[in-house]
Amino acid sequence: LGAAAAGIPVGAVLLYGLARGLSSAFGELRTALFAKVAQNAIRHISVKVFENVHKLDLAFHLSRQTGSVSRTMERGTRGINFALHSLLFNIIPTGIEITLVTGILTYQFGPSFGMVALATVGAYAFFTVVVSKTRQEIRRHMNKMENEASAKAVDSLLNYE
């Protein structure tokens, strides 16, 4: 019994290590599979935007907005990747989890427990949206200033004589 009892913690540690390794491996596999999908979507949209910029009138191109447009396109492609990643790996799984947990709580303990769980998540979501709105204004101002700086830097290089 003594040797068997001593083997339990060692087995638990080994199983924990295996679980951590598998978790990392599946995370990397998910990232690898998602990268192909995300890059295809980003490439398709980037080509459409690039074609659209080429179709703009001469006045736009003469105003030398090159740096600003370049920076905005780059930020847009990063935003697409972030939105796809957030939607597929955070928002949808969290929505499914909230639905399942609320259903289980309602089934096991009654509707009041399910409502408390939904109210808690709702309050958290409301708080998150309010805080994000204030942060969003700061981010917009920062992006505007960054676009202006990039436009001036690129345009100064293009107009160097």
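Here, every reference points to the structure presented above.
Not measured: the values here are computed from a predicted model.

**Focus on the pattern of salt bridges**
Then step 1. Taken as a whole, this structure holds two salt bridges when the rule is applied.
Then step 2. Across the pair Glu146 and Arg75 runs a salt bridge whose closest N-O atoms are separated by 3.2 Å. Note that Glu146 is positioned in helix H4 (residues 111-158) and Arg75 in helix H3 (residues 66-109), a separation of 71 residues in sequence.
Then step 3. By relative accessible area, Glu146 is classed as partly exposed at 26%.
Then step 4. Ionic pairing is found between Glu137 and Arg140, a salt bridge with its closest N-O pair at 3.2 Å. Separated by three residues within a single helix, Glu137 and Arg140 lie in helix H4, roughly one turn from each other.

**Considerations on the environment of Arg78**
Then step 1. Looking at where Arg78 falls in the secondary structure, it is placed in helix H3.
Then step 2. With a relative accessible area of 44%, Arg78 lands in the partly exposed category.
Then step 3. A sequence separation of 66 residues divides Arg78 from Lys144, and the C-alpha atoms of the two residues are 16 Å apart.

**Overview of the side chain of Arg75**
Then step 1. Owing to a relative accessible area of 17%, Arg75 belongs among the buried residues under this scheme.
Then step 2. In terms of polar contacts, Arg75 uses its side chain to reach the side chain of Glu146, at 3.2 Å.
Then step 3. Those residues within four positions of Arg75 in sequence are excluded, and the remaining contacts are Asn143, Glu146 and Asn147.

Rules used in this analysis
Residues numbered from 1 in each chain as written. Predicted model: local features only at pLDDT ≥ 70, side-chain atom pairs only at ≥ 80, totals over all residues. Heavy atoms only, no water. Salt bridge = Lys/Arg side-chain N within 4 Å of Asp/Glu carboxyl O. Helix = DSSP H or I, 4+ residues; strand = E, 2+ residues; numbered from the N terminus. Buried < 20%, exposed > 50% of the residue type's maximum accessible area, 1.4 Å probe, protein only. Polar contact = N/O pair within 3.5 Å; in protein donor to acceptor, adjacent residues only side chain to side chain. Contact = heavy atoms within 4.5 Å.

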